[in-house]
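Working through the structure, step by step
Letter by letter, the chains look like this.
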Amino acid sequence: MKEQIAQIKENAINEITEAKTLQELNDVRVKYLGKKGELTAVLRGMGALSAEERPIIGSLVNEVRDSLESEIQKNESDLKEKALNEKLEKERIDISLPSTKMKRGSKHPINRVIEEIEDIFVSMGYDVVDGPELETDEYCFERLNLPKGHPARDMQDSFYVDPEHLLRTQTSAVQARVMMANEEKTPIRVICPGKTYRRDDDATHSHQFGQVEGLVIDENVSLADLKGTLEIFVRKMLGENSKLRFRPSYFPFTEPSYEVDVSCFKCNGKGCNLCKQTGWIEILGSGMVHPNVLEMNGYDPKKYTGFAFGTGLDRLAMFKYGITDIRYFYTNDVRFLNQFDRKDV
Ligand code: DAH
């Protein structure tokens, strides 16, 4: 019997060491240690042994089983490691291979212009503020010295939602909002870029367009401050050699009011198709804040003066990038947008 057990052990160990896969190893386990396995059969047959032999054989079988089990375990962990290594080898990734190129969006030209304007004015100490696009008649017109029935309201074809609400026609509405929100009535220096709406639609007018408004209120603010500020702005935005021309104009919220032209940056003022042979391009409206506007929004016009200006973002972007139809900005044609790739940001 002892020999039989020793034989079983030897065979089993051989087979365990030869097993090449986890499956083969498991088969060996079943063959020897399973319910119907060879070693189990020996245990089952112990009933036929004498009382003296039984404990001896019993402990021998247990010993063999323990050693087979530890042998199996050892081989099992070797095989597992081998399998893992094979798997890792098979799934190896070559990180030096070039990746597939991801398409990235490009910054919209209007946003580029906004960011540029913000940088220029923030560097001069201005805050950037926001206002609602759905505006009240009060803020869009009345508080800007445009009472109901004022003829200048006809200059702006508005989208009214109800008699008191409209899509703002001008970012100037934010002037009144900033003044009213400032409870201490302290000095103000802000710009407000944003969307504006009018009932227009042709190559140079879109029903939705962008404006940026500027407002400065303080003691002793003069027209010279307005001129100097706009000169810095235009030179940084459109080129160091740009010249400015102030033409008297009319806006209800400023007095005096000016339309400001910049020397044509395409022909340097000589006259070309962009400036319609005049050498000048109109870029913004501006003026000294009307005393009525200061007063209506809680500022004492005897103590404070101010200047304001408003310019069209679309026009600036059209000049800067040589775009001939304003509607390109709003139709989101990728062939157009791709030309403003990030590379040259
Ligand atoms: N809001 C005017 C427009 O849309 C532009 C403008 C003119 C703004 C004069 C101003 C200003 O702040 O002082 O036509």
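Thoughts on the sheet that holds strand S1 (residues 127-128)
Overall, mixed pairing links the seven strands, which are arranged S1-S5-S6-S10-S9-S8-S7 in an open sheet. Single-partner strands in this sheet number two, and they are S1 and strand S7 (244-251). Pairing analysis gives 10 bridges linking strand S5 (residues 188-197) to strand S6 (residues 208-218), with the strands arranged antiparallel. Counted as the bridge partner of glycine 194 is glutamine 211 from S6. Together, S1, S5, S6 and strand S10 (305-312) form the strand contacts of helix H5 (residues 109-122), whose direction differs from that of S5 by roughly 170°. On top of the sheet, helix H8 (residues 223-238) reaches S7, strand S8 (254-263), strand S9 (280-289) and S10; it is set at about 145° to S9, its chief contact.

With respect to the nonpolar core
In this structure, Ile117, Leu230, Phe233, Ile283, Phe307 and Phe329 are the most contacted members of the largest nonpolar core, which totals 43 residues. The next biggest cluster of nonpolar side chains, apart from the first, holds 25 residues, and it includes Tyr139, Ala152, Phe251 and Tyr299.

As for empty space enclosed by the protein
Tallied over the entire structure, the rule returns one cavity of 30 Å³ or more. Going through the elements one at a time, helix H7 (173-181), S5 and S6 are the ones with two or more residues in the lining of the largest cavity. For the lining of the largest cavity, a count of residues per class yields five nonpolar, two polar and one charged.

Examining the sheet that holds strand S4 (residues 165-167)
If you walk across this open sheet you meet the three strands as S2-S4-S3, and the pairing is antiparallel. The open sheet is flanked by strand S2 (134-136) and strand S3 (159-162), the only strands paired with a single partner. Looking at each pair of strands side by side, their axes are set apart by 40° on average, direction ignored.

Re the packing of aromatic side chains
Centre distance and the angle of the planes are the two values used to describe a pair of aromatic rings. One pass over the structure, following the stated rule, counts 12 aromatic pairs. Ring geometry for phenylalanine 121 versus phenylalanine 233: centroids 5.2 Å apart, planes at 40°, classification tilted. Here phenylalanine 121, found in helix H5, pairs with phenylalanine 233, found in helix H8; they are 112 residues apart in sequence, far enough to count as distant. Both rings, one in tyrosine 328 and one in phenylalanine 336, keep their centres 5.3 Å apart while their planes meet at 15°; by these two values the pair is stacked. Among the residues examined, phenylalanine 336 registers a relative accessible area of 7% and is labelled buried. Through successive ring pairs, a cluster of aromatic residues spans Tyr321, Tyr328, Phe329, Tyr330, Phe336 and Phe340. Positioned above the aromatic ring of tyrosine 139 is the side chain of arginine 143, whose terminal nitrogen or guanidinium carbon lies 5.5 Å from the ring centre. Positioned above the aromatic ring of tyrosine 139, the side-chain terminus of arginine 177 is 4.0 Å from the ring centre.

Section: helix H2 (residues 22-33)
Compared with an ideal rise of 1.5 Å per residue, which puts 12 residues at 16 Å, H2 spans 16 Å between its outermost C-alpha atoms and is within 8% of the ideal. For H2, the complete set of buried residues consists of Leu25, Val28, Tyr32 and Leu33. End-on view of H2: buried residues confined to an arc of 90°, all on one side of the axis. On the buried face of H2, the contacting elements are helix H1 (2-18), helix H3 (38-44) and helix H4 (53-90).

Some details on the site of the ligand
In the neighbourhood of the ligand, 15 residues make up the surrounding shell, with Gln170, Ser172, Arg198, Gln211 and Glu213 lying closest. Glutamine 211 places a polar side-chain atom, nitrogen or oxygen, 2.8 Å from an oxygen atom of the ligand. Between an oxygen atom of the ligand and a main-chain N or O atom of phenylalanine 309, the distance comes to 3.3 Å. Taken by itself the ligand offers 350 Å² of open surface, and the protein chains cover 91% of this. When contributions to the shell around the ligand are tallied by element, the ones reaching two or more residues are S6, S9 and S10.

Section: unusual backbone geometry
For the peptide bond that leads from glutamate 255 to proline 256, omega is -5°, which places it in the cis range. Structurally, proline 256 can be placed in strand S8. In the Ramachandran plot, asparagine 220 falls in the positive-phi region, its phi being about 60° despite a non-glycine side chain. Tracing the backbone shows asparagine 220 in the loop between S6 and H8. For asparagine 268, which is not glycine, the phi dihedral falls at a positive 60°. Turning to its location among the elements, asparagine 268 is positioned in the loop between S8 and S9. A relative accessible area of 59% places asparagine 268 in the exposed class.

Describing the side chain of asparagine 182
You can see asparagine 182 is positioned in the loop between H7 and S5. Assessed through its relative accessible area of 16%, asparagine 182 is described here as buried. Setting aside chain neighbours within four positions, we find asparagine 182 in contact with Pro187, Ile188 and Tyr299.

Notes on the environment of glutamate 219
You can see glutamate 219 is positioned in the loop between S6 and H8. Sequence separation between glutamate 219 and alanine 173 is 46 residues, and the spatial gap between their C-alpha atoms is 22 Å.

Analysis parameters
Residue positions within a chain follow its written sequence, with the count starting from 1. For a predicted model such as this one, the threshold for reporting local features is a pLDDT of at least 70, and the threshold for listing and counting side-chain atom pairs is 80 or more; totals across whole chains, interfaces and linings nevertheless cover every residue. No hydrogens and no water enter the side-chain calculation; it runs on all heavy atoms of the structure. Pairing between two strands is assigned when DSSP locates at least 2 bridges connecting them. The way it works is that DSSP assigns letters per residue, a run of H or I at least four long becomes a helix, a run of E at least two long becomes a strand, and they are numbered from the N terminus. Note on contacts: a residue pair qualifies if any of its non-hydrogen atoms lie within 4.5 Å across the two residues. An axis is simply a line fitted to the C-alpha atoms; with a helix, the fit covers only the stretch in contact. Between two such axes, the angle follows the N-to-C directions and lies from 0 to 180 degrees. Nonpolar core, defined: a set of buried Ala, Val, Leu, Ile, Met, Phe, Trp, Tyr and Cys residues in which side-chain atoms within 4.5 Å join the residues together. A 1.4 Å probe rolled over the protein chains alone gives each residue an accessible area, and that area as a share of the maximum for its type sets the label: buried under 20%, exposed over 50%, partly exposed in between. Only protein atoms enter the 1 Å grid, on which a cavity is a set of points fitting a 1.4 Å probe that cannot get out and a pocket is an open set with protein on both sides within 12 Å along at least 5 of 7 lines, lining residues being those with an atom within 4 Å of a point. Grid points are joined across faces, edges and corners, and a volume is the space filled by probe spheres set on the points. Any residue outside Ala, Val, Leu, Ile, Met, Phe, Trp, Tyr, Cys, Pro, Asp, Glu, Lys and Arg is labelled polar, Gly included; the first ten of those are nonpolar and the last four are charged. Aromatic pairing here means that ring centres of Phe, Tyr or Trp (its six-membered ring) are within 6.5 Å. Orientation follows from the plane angle: under 30 degrees is stacked, over 60 is edge-to-face, and everything else is tilted. Two thresholds decide whether a charge sits over a ring: the Lys NZ or Arg CZ must be within 6 Å of the ring centre and within 35 degrees of the ring normal. A helix is expected to span 1.5 Å for every residue after the first. When we speak of the arc, we mean the arc of directions from the helix axis to the C-beta atoms. For each residue, the test is whether any non-hydrogen atom lies within 4 Å of the molecule or strand; if one does, the residue is near. Within 3.5 Å is the distance limit for a polar contact, defined as a pair of N or O atoms, with the added protein rule that one can donate a hydrogen and the other accept it, and that residues adjacent in sequence qualify only through two side-chain atoms. Residue burial considers only the protein chains on display, and all accessible areas are found by Shrake-Rupley using a 1.4 Å probe.

Any functional reading would require information that these geometric values do not contain.
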